[in-house]
Amino acid sequence: MPAQDRAAIVRACFAAFAAGHRHVVEAALADDFVFSSPADVGIDRTRFFERCWPGHENLRGFELKRVHEIGDDEVVVTYEAERSDGSRFRNTEVFRVDGDRIKSEEVYFGWNM
């Protein structure tokens with residue numbers, strides 16, 4: 001898959017997460033999707049929606065600062081997000097994309113801004 005298509009899939013997921021469009025995110029994640037962060041290492045798709053999906057309710061949106069395609073299957077994103085209370089934070093995430101589906105997501109927590 002061309003790199004810009006991988007980046008487009010990831011960008012669409014950020015927009016859908018912020019907008020609360022779960023069906024878009026569900027369609028983009030592979031059945032064997034794995035999510036990792038310092039708080040949740042190696043959780044599956046079902047647990048991701050249980051643990052992480054409710055977080056969209058506390059976000060106003062994302063400002064993607066960097067989106068880079070790496071190798072044949074990775075997309076690295078650094079973003080700033082705004083919470084509902086107006087506070088902001090920055091994170092970096094690494095996505096592995098296979099075809100038109102996201103296989104894994106690794107979140108590296110940044111800092112409050």
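Residues numbered from 1 in each chain as written. Predicted model: local features only at pLDDT ≥ 70, side-chain atom pairs only at ≥ 80, totals over all residues. Heavy atoms only, no water.

1. Let's talk about the side chain of Arg90
Summarising the element assignment, Arg90 is placed in strand E5 (residues 88-98). Excluding anything up to four places from it in sequence, Arg90 contacts Lys65, Arg66, Thr78, Tyr79, Glu80, Phe109, Gly110, Trp111 and Met113. (Helix = DSSP H or I, 4+ residues; strand = E, 2+ residues; numbered from the N terminus. Contact = heavy atoms within 4.5 Å.)

2. A short note on the confidence of the model for the protein
Detail in the predicted coordinates should be disregarded across regions flagged by low pLDDT. Per-residue pLDDT for the protein has a mean of 94; in total, 96% of the residues score no lower than 70. Looking at the elements of the protein, mean pLDDT is at its lowest for helix H1 (residues 3-19), recorded as 91, and at its highest for strand E1 (residues 29-36), recorded as 98. (pLDDT = per-residue confidence, 0-100.)

3. Considering the packing of aromatic side chains
Aromatic ring pairs: the centre-centre distance and the angle between the two ring planes describe each pair. For the structure shown, the criterion picks out 11 aromatic pairs. With a centroid separation of 5.1 Å and an interplanar angle of 80°, the aromatic rings of Phe48 and Phe49 are classed as edge-to-face. Judged by relative accessible area, which is 5%, Phe48 ranks as buried. An angle of 50° between the planes, with centres 6.1 Å apart, marks the rings of Phe49 and Trp53 as tilted. Residue Phe49 shares its accessibility class with Trp53, and that shared class is buried. Each residue in the set Phe14, Phe17, Phe33, Phe35, Phe48, Phe49, Trp53, Phe62, Tyr79, Phe89 and Phe95 is aromatic and connected to the rest through ring pairs, giving one cluster. (Phe/Tyr/Trp six-rings, centres within 6.5 Å; stacked < 30°, edge-to-face > 60°. Buried < 20%, exposed > 50% of the residue type's maximum accessible area, 1.4 Å probe, protein only.)

4. Some words on the nonpolar core
Ranked by size, the top nonpolar core spans 28 residues in total, and within it Val10, Phe48, Val77 and Ile102 carry the most contacts. Within the residue set of this core, elements represented by two or more residues are H1, helix H2 (22-28), E1, helix H3 (45-51), strand E3 (59-70), strand E4 (74-83), E5 and strand E6 (101-112). Sequence-distant contacts of Val10, that is, excluding residues within four places in its chain, are made with Val75, Val77, Phe95, Val97 and Ile102. (Core = buried A, V, L, I, M, F, W, Y, C linked by side-chain atoms within 4.5 Å.)

5. Considering the environment of Phe33
Mapping Phe33 onto the fold places it in strand E1. A relative accessible area of 1% places Phe33 in the buried class. Between the C-alpha atoms of Phe33 and Ser84, which are 51 residues apart in sequence, the distance is 28 Å. If sequence neighbours within four positions are ignored, Phe33 has contacts with Ile43, Asp44, Arg45, Phe48, Ile102, Lys103, Ser104 and Glu105.

6. Re the pairing of E3
Alignment of E3 against E4, held across 10 bridges, turns out to be antiparallel. Bridge pairing links Leu59 to Arg83 in E4. (Pairing = 2+ DSSP bridges.)

7. Digging into the pattern of salt bridges
By the definition in use, this model includes 11 salt bridges. Here Arg101 and Asp31 are joined by a salt bridge, their closest N and O atoms 3.6 Å apart. Here Arg101 is found in strand E6, whereas its partner Asp31 is found in strand E1, with 70 residues between them in sequence. By relative accessible area, Arg101 is classed as partly exposed at 25%. The partner of Glu63 in a salt bridge is Lys65, and the shortest N-O contact between them spans 2.8 Å. By relative accessible area, which is 39% here, Lys65 ends up partly exposed. Through salt bridges that share partners, Arg60, Glu63, Lys65, Glu80, Glu82, Arg88 and Arg90 make up one connected network. (Salt bridge = Lys/Arg side-chain N within 4 Å of Asp/Glu carboxyl O.)

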